[in-house]
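# Tertiary structure, described
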Amino acid sequence: YYSQVKFSISAPDISHLGPDEGIEIAFAGRSNAGKSSALNKLTRQKGLARTSKTPGRTQLINVFTLDETRRLVDLPGYGFAQVPLEVKKKWQKSLGEYLQKRESIKGLVVLMDIRHPFKDLDQELIHWAVAADLPVLALLTKADKLKSGKRKEQLLMTREAAMAFCGDVTVEVFSSLNGIGLDQLQGKLDEWFGL
Ligand code: GDP
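Conventions used here
Residues numbered from 1 in each chain as written. Predicted model: local features only at pLDDT ≥ 70, side-chain atom pairs only at ≥ 80, totals over all residues. Heavy atoms only, no water. Salt bridge = Lys/Arg side-chain N within 4 Å of Asp/Glu carboxyl O. Buried < 20%, exposed > 50% of the residue type's maximum accessible area, 1.4 Å probe, protein only. Core = buried A, V, L, I, M, F, W, Y, C linked by side-chain atoms within 4.5 Å. Helix = DSSP H or I, 4+ residues; strand = E, 2+ residues; numbered from the N terminus. Contact = heavy atoms within 4.5 Å. Axes fitted to C-alpha atoms, helices over the stretch in contact; angles between N-to-C directions. Parallel < 35°, antiparallel > 145°, perpendicular 65-115°, else oblique. Left-handed = near helix turned anticlockwise from the far one by under 90°. Nonpolar A, V, L, I, M, F, W, Y, C, P; charged D, E, K, R; others polar. Pairing = 2+ DSSP bridges.

Further remarks concern the pattern of salt bridges. All told, the structure shown has 10 salt bridges when counted by the stated rule. Note that arginine 70 and aspartate 67 form a salt bridge whose closest N and O atoms lie 2.8 Å from each other. Look at aspartate 67 and you get partly exposed, because its relative accessible area is 21%. Glutamate 172 serves as the salt-bridge partner of arginine 159, at 3.3 Å between the closest nitrogen and oxygen.

Moving on: the nonpolar core. Grouped together as the largest cluster of nonpolar side chains are 36 residues, with contacts concentrated most on Leu75, Tyr98, Leu99, Leu108, Val110, Leu125 and Ile126. Of all the secondary-structure elements, those providing two or more residues to this core are β2 (23-29), β3 (61-65), α2 (85-101), β5 (105-113), α3 (120-131), β6 (136-141), α4 (148-162) and β7 (169-173). Non-local contacts of leucine 108, meaning those with residues more than four positions away in its chain, are made with Ala26, Ala28, Leu75, Leu99, Leu125, Ala129, Leu134, Pro135, Val136, Leu137 and Trp192. Counting residues in each nonpolar core, the second largest holds 24 residues, with Leu111, Phe174, Leu182 and Leu185 among its members.

What follows deals with the packing of α2 against α3. One way to put it is that α2 packs onto α3 with a least axis distance of 9 Å and a crossing angle of 30 degrees. When the axes of α2 and α3 are compared, the pair comes out roughly parallel. Considering only the axes of α2 and α3, their crossing is right-handed. In this structure, α2 contributes Gln92, Leu95, Gly96, Leu99 and Gln100 to the contact, and α3 contributes Leu121, Glu124, Leu125, Trp128 and Ala129. Of the residues in the contact of α2 with α3, the class split is six nonpolar, three polar and one charged.

In an α-helix, one turn spans 3.6 residues; hence positions three or four apart end up facing the same way. Extensive coverage of helix α1 (residues 35-43) is indicated by the burial of seven of its nine residues. Listed in full, the buried residues belonging to α1 are Lys35, Ser36, Ala38, Leu39, Asn40, Leu42 and Thr43. Each element contacted by the buried residues of α1 is listed here: β2, β4 (70-74), β5 and α5 (182-193). Downstream of α1 by a residue or two, arginine 44 has a phi angle that is positive, lying close to 55 degrees.

Strand order in this open sheet of seven strands is β1-β3-β4-β2-β5-β6-β7, and the pairing throughout is mixed. In the strand order of this sheet, the two ends are held by β1 (6-11) and β7, each with one partner. Sheet twist, expressed as the average angle between the axes of neighbouring strands with direction ignored, equals 20 degrees. Sheet analysis places β3 next to β4, joined by four bridges and oriented antiparallel. Each residue of the ladder has a partner; that of valine 63, found in β4, is valine 73.

If you want it as structure tokens, here you go:
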């Protein structure tokens, strides 16, 4: 199903996203967290989301269509140090607005490097999502970088930390290199899309 995805539009901000109808699931994460790789893995399309050679370069929201009513939304990566404060502020404002005002958004996937979960901006984003009553899937990316014992330990620790958000926050490990966690990601998306 997810391989039938098609690029729809790039939008500079949420006012250019198109009609607020159907079901939308958003992907967010720090630059370099592995968001593009995860989207490409999910959709089995190597070049769908550009993996970032220059982190923080793209500040556009990219929308991908799955069928008439379902969309994946690739939000701009955040947390790149060299981005000017003004740009960061603008980004934060538009992201907050998107999570709070967009009716069609039904879930947020937050991608975080398994070795550095819940950095400040990740936490802020998840807080906004919880405040907007939006379920969150926190994906611990690059799980192949850890041995299975360490990976499990990190997963349990992160799950415990996720309880502090007091919301619907699920944590799973993921690797776009070897496909760990792909079933769990698809399962969650299926649930949110009502498939
Ligand atoms: P984005 O900025 O969040 O879109 O991150 P990218 O998908 O461009 O990935 C950033 C870097 O991490 C690239 O060099 C990828 O090759 C690498 N990467 C992404 N996912 C994985 C993964 O699952 N395992 C490993 N080992 N490297 C990954």
